[in-house]
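Residues per chain, in single letters:
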Amino acid sequence: MTAPVSFTSFPIDTAHGPRPVTVAYRRAGAGEPLLLLHGIGHHLQAWDPVFEILAAERDVIAVDLPGFGASPALPDGAAYDLSTVVAALRGLCEELGVGTPHVAGNSLGGLLALELGREKLVRSVTALAPAGFWSEAERRYAFGVLLGMRQGARLLPLPAIERLSRTAAGRWALTSTIYARPWRRSPEAVVAETLALRDASGFEQTLAAGLDVAFRDDVQGLPVTVAWGTKDRLLLRRQGVRAKHAMPQARLVRLPGCGHVPMSDDPAAVARVILDTSR
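Worth saying up front: this structure is predicted, and the values here are computed from it rather than measured. (Residues numbered from 1 in each chain as written. Predicted model: local features only at pLDDT ≥ 70, side-chain atom pairs only at ≥ 80, totals over all residues. Heavy atoms only, no water.)

(A) Focus on the overall build of the protein chain. Of regular secondary structure, the protein chain possesses 11 helices and 8 strands. For the protein chain, whose C-alpha radius of gyration is 17 Å, the value lies close to the compact-globule estimate of 19 Å for 279 residues. Once the C-alpha set of the protein chain is aligned to its principal axes, its extents read approximately 45 × 45 × 40 Å. Burial statistics for the protein chain: of 279 residues in total, 57% are counted as buried. The contacts in the protein chain between residues at least 6 apart in sequence include a share of 71% that link residues at least 24 apart. When the accessible area of the protein chain is evaluated, it comes to approximately 11400 Å², of which 54% is carbon and sulfur surface. Between the averaged position of the 30 positive side-chain charges in the protein chain and that of its 27 negative side-chain charges there is a distance of 7 Å. (Helix = DSSP H or I, 4+ residues; strand = E, 2+ residues; numbered from the N terminus. Rg over C-alpha atoms; globule rule 2.2 N^0.38 Å. Buried < 20%, exposed > 50% of the residue type's maximum accessible area, 1.4 Å probe, protein only. Contact = heavy atoms within 4.5 Å. Areas by Shrake-Rupley, 256 points an atom, 1.4 Å probe, with all protein chains shown as cover. Lys, Arg positive; Asp, Glu negative; His and termini not counted. Charge placed at Lys NZ, Arg CZ, Asp CG, Glu CD.)

Okay, structure coming up:
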């Protein structure tokens, strides 16, 4: 049975003083805490294919980042940069009483996971195709693709999205940029994630905050795994080699046949990588 989505609120510091942030999350399982962070334009349901597998061994908390999914936008005066979102995630962990969790993140979530690791706010990091290891040309390409996906989601009326999602070809048209096996997604999931991309209030500000992001620091003193799908069409897998150069002690793992969001393409492999790292 899928755990329900809950909400919690807590204050963060902004240019106008402390302001409340509200975050949606799903929590289930028992054991050491594990925080799951999605990519830009996505939502916590991106983790559904692996959620129950992970919850068999961990206290799993899948989060809608501020301004994405069911989480409202950040308050006025709060930027969508790494330091602000990391502060919000730290506040969330304190509010939920999980102390120092393990963390796994995909894309933007992978970048945030590594930043949490660099700040020693987590006990292990699994980064699936993390942002920030691009060249300038690769960043421009990825941002252009993301903007195109966002525009397409905004232009399509809901009946057209629903109609496309009911066929394998339609699911490929809507999601093949991020999945190598888009036909594995259910029609309901494809509709929901297309609407999440369309309605994400934090999308443009998050993308703008990423213009100058380049993660080149080592993350020391805790287990780190960077995993990359061999069929990632958004952040090309050679960026994983750069991540390994930046973090020589990190484990670099190939995910054969997986796209940019590998949790759906190969749930068993992704869950195994996350659990191995968190052990």
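Back to the text.
(B) Representation of the environment of E162 within the structure. Following the sequence through the fold, E162 ends up in helix α5 (residues 158-165). Along the backbone, E162 and V191 are 29 residues apart, and their C-alpha atoms lie at a distance of 6.1 Å.

(C) Looking closely at the pattern of salt bridges. Here the structure, examined in full by the defined rule, presents 16 salt bridges. For E138, the salt bridge identified is with R238, shortest N-O distance 2.6 Å. With E138 in helix α4 (residues 136-155) and R238 in helix α9 (residues 238-246), this residue pair connects regions lying 100 residues apart in the sequence. Judged by relative accessible area, which is 7%, E138 ranks as buried. The partly exposed category is assigned to R238, whose relative accessible area is 47%. Note that R185 and E193 form a salt bridge whose closest N and O atoms lie 3.3 Å from each other. For R185, a relative accessible area of 7% translates into the label buried. Assessed through its relative accessible area of 5%, E193 is described here as buried. Three or more residues are tied together by salt bridges with common partners; here these are E115, R118, E119 and D217. (Salt bridge = Lys/Arg side-chain N within 4 Å of Asp/Glu carboxyl O.)

(D) α9, seen in detail. Within α9 the residues assigned to the buried category are Q239, G240, A243 and A246. For α9, the arc enclosing every buried residue in end-on projection is 115°, short of the 170-degree limit, so these residues lie on one face. On the buried face of α9, the contacting elements are α4, β7 (224-229) and β8 (251-255). (Arc of directions from axis to C-beta.)

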